[in-house]
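# A look at the structure
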Amino acid sequence: MPHATAPPVSGHRPRWWTELPLIAVVYALYSAGRLLVRGDVSTAVDHGLAILRLEQALYLNAEHPLNRLFTSTPSLGIPADFAYASLHYLVTPAVLIWMFRRRSSAYRAARVWLMNSTLLGLAGFTLMPTCPPRLLDASHGFVDTMAQYSGYGWWGAGASAPRGLSGMTNQYAAMPSLHVGWSLWCGILLWRHGRHPLVRAAGVAYPLITTIVVMGTANHYFLDAVAGAAVMGVGALLVRPVMRLADRFKVWAGARIAGPVAALSGDRFRSGRGSAPEDVPATVSPNVSAGCKTSPGERIPGQRTTSADPPGTAVGGPGARDAADAAASDDAPAAAR
């Protein structure tokens, strides 16, 4: 999915004081929506059994042997429960912060990719509430390792939530598995942008280990993991359209905000509170005399006179015209003519 993590052609460095509230709001909406979309338990059980039957028809049965191994081997089961209950809350934000600080040119695309996929996962929880294997009847052969090893962790027998708070989580939000989806997001970014071989190796190992953990602890079916990977793929395809839409919205919002600001500035100038003078219409000549008229013989400041003109007579002025008329009359001396 190179297009989902490739750096944009242009853009500015993201600011933490805008990114942090945005991520917090999206995660809060996701968590609230996850609780509000709780479906009927019987419907969730039916969906879980349908997935189990489909896997049997496809000869897929990775969950049972892994669950038996984790149940019979506490040295595997207990760390697996801790990994399931905590890593997606730790590794995912850590990779996001790493991208923000070290790979800022690709950060925005990575963040949009994660948000797209998370919202698609929420849509899956809404449309298909699914009972995880650990909550099915014991006759189906699954053991809830979270309940079996609850004495070793902070979670109770009800879910991976803190003890006594199992009612604060949606235990039937299993399809798709965002544990797998988020780990795949982390793995691809670590592989693509990591420079040290160990970082890239962690990018390969983390999603694989997470897939084994979610099945071994009986929290997800194999097809849940496949759906989690598919959700991440669709989320990656939507990165560029979503970014273009967000950019257009920013331009539109900026124009809507700039308009009232400009109008307010114009009102300030027209009311005399501003420093800029009002514009003079181009078709109206300004009255430079401010309504004042010159009397005959009065010299306009800066106007040129000839040496032969009598004092106070300006070229082209009223005094000049009177002198010319006098010189042209028959009664005037010849020298004047």
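Residues numbered from 1 in each chain as written. Predicted model: local features only at pLDDT ≥ 70, side-chain atom pairs only at ≥ 80, totals over all residues. Heavy atoms only, no water.

### Examining the overall build of the chain
Operational definition: Per the convention used, a helix needs a DSSP run of H or I reaching at least four residues, while a strand needs a run of E reaching at least two, with both numbered from the N terminus. A contact between two residues is defined here by any heavy atoms of the two lying within 4.5 Å. Per-residue and other accessible areas follow the Shrake-Rupley method at a 1.4 Å probe size, with only the shown protein chains counted as cover for residues.
In terms of helices and strands, the chain carries twelve helices and zero strands. Reading the chain from its N terminus to its C terminus gives the helix and strand order α-α-α-α-α-α-α-α-α-α-α-α. Pairs at least 24 residues apart make up 78% of the contacts formed inside the chain by residues separated by at least 6 positions. Accessible surface, the chain as shown: approximately 19,800 Å² in total, 65% of it carbon and sulfur.

### Re the packing of aromatic side chains
This is how the line gets drawn: Geometry of aromatic contacts follows a simple scheme: Phe, Tyr and Trp rings, the Trp one being its six-membered ring, pair when their centres are within 6.5 Å, and the pair is stacked under 30 degrees between planes, edge-to-face over 60, tilted otherwise.
The full count for this structure, using the stated rule, is six aromatic pairs. Judged by centre distance (6.3 Å) and plane angle (65 degrees), the ring pair of Y149 and Y152 falls under edge-to-face. Considering the side-chain rings of F249 and W252, the 5.8 Å spacing of their centres and the 35 degrees angle between planes classify their relative orientation as tilted. With a gap of three residues between them, F249 and W252 both fall in helix α11 (residues 239-270), about one helical turn apart.

### Structural notes on the side chain of T92
One can find T92 in helix α5 (residues 74-102). Excluding anything up to four places from it in sequence, T92 contacts L87, L114, W182, W185 and C186.

### Observations concerning the confidence of the model for the chain
For clarity, the threshold we go by: Predictor confidence is given residue by residue as pLDDT, running from a minimum of 0 to a maximum of 100.
Looking at the chain, pLDDT values average 79 and 68% of them are 70 or higher. Note on residues 274-286: pLDDT is under 50 here. Beyond four places in sequence and across chains, it has five contacts. Segment residues 312-317 is flagged for pLDDT under 50; beyond a separation of four residues in sequence, or across chains, it makes 13 contacts in the model.

### Examining the nonpolar core
A general feature of soluble globular proteins is that nonpolar side chains tend to end up buried together. Applicable threshold: Here the nonpolar core consists of buried residues drawn from Ala, Val, Leu, Ile, Met, Phe, Trp, Tyr and Cys, with membership extended through side-chain atoms lying within 4.5 Å. When a residue's accessible area, from a 1.4 Å probe over protein chains only, is under 20% of the maximum for its type it is buried; when over 50% it is exposed; and in between it is partly exposed.
Counting residues in each nonpolar core, the largest one holds 25 residues, and the members touching the most others are V95, M99, W113, W185, L189 and V239. Counting residues per element, the ones that place at least two in this core are α5, α6 (104-127), α8 (178-193), α10 (222-237) and α11. It is α6 that provides the largest number of residues to this core, a total of nine residues. In this structure V95 touches W185, C186, L189 and L190, once residues within four positions along its chain are discounted.

### Concerning unusual backbone geometry
For the bond from M175 to P176, the omega torsion is 0 degrees, close enough to zero to count as cis. Here P176 shows up in the loop between α7 (145-148) and α8. Residues other than glycine seldom take positive phi values, yet Y59 does so here, at roughly 60 degrees. Among the structural elements, Y59 can be located in the loop between α3 (41-57) and α4 (63-72). Its relative accessible area of 77% is what places Y59 among the exposed residues. Located in the positive-phi region is A218, a residue other than glycine, with phi close to 65 degrees. Here A218 is to be found in the loop between α9 (197-216) and α10.

### Describing α4
Let me state the cut-off plainly: The directions from the helix axis to the C-beta atoms form the arc being described.
Buried within α4 are the following residues: E63, H64, L66, N67, F70 and T71. Buried residues of α4, viewed axially, fall in a sector of 165 degrees; they line one side. Of the exposed residues in α4, the ones pointing more than 90 degrees away from its buried face are R68 and S72. Against the buried residues of α4 lie α3, α5, α7, α9 and α10.

### Thoughts on the pattern of salt bridges
Here is the rule: Between Lys or Arg on one side and Asp or Glu on the other, a salt bridge is scored when a side-chain nitrogen of the former is within 4 Å of a carboxyl oxygen of the latter.
By the definition in use, this model includes two salt bridges. One salt bridge in this structure joins R108 and D247, with 3.0 Å as the shortest N-O distance. Taken together, the residues R108 in helix α6 and D247 in helix α11 connect sequence positions 139 residues apart. Looking at R108, the relative accessible area reads 22%, which means it is partly exposed. Of the residues examined, D247 reaches a relative accessible area of 35% and is grouped as partly exposed. Note that R134 is salt-bridged to D144, the shortest N-O span being 3.1 Å. Residue R134 is located in the loop between α6 and α7, and its partner D144 is located in the loop between α6 and α7; the two are separated by ten residues in the primary sequence. Classification of R134 as buried rests on a relative accessible area of 9%.

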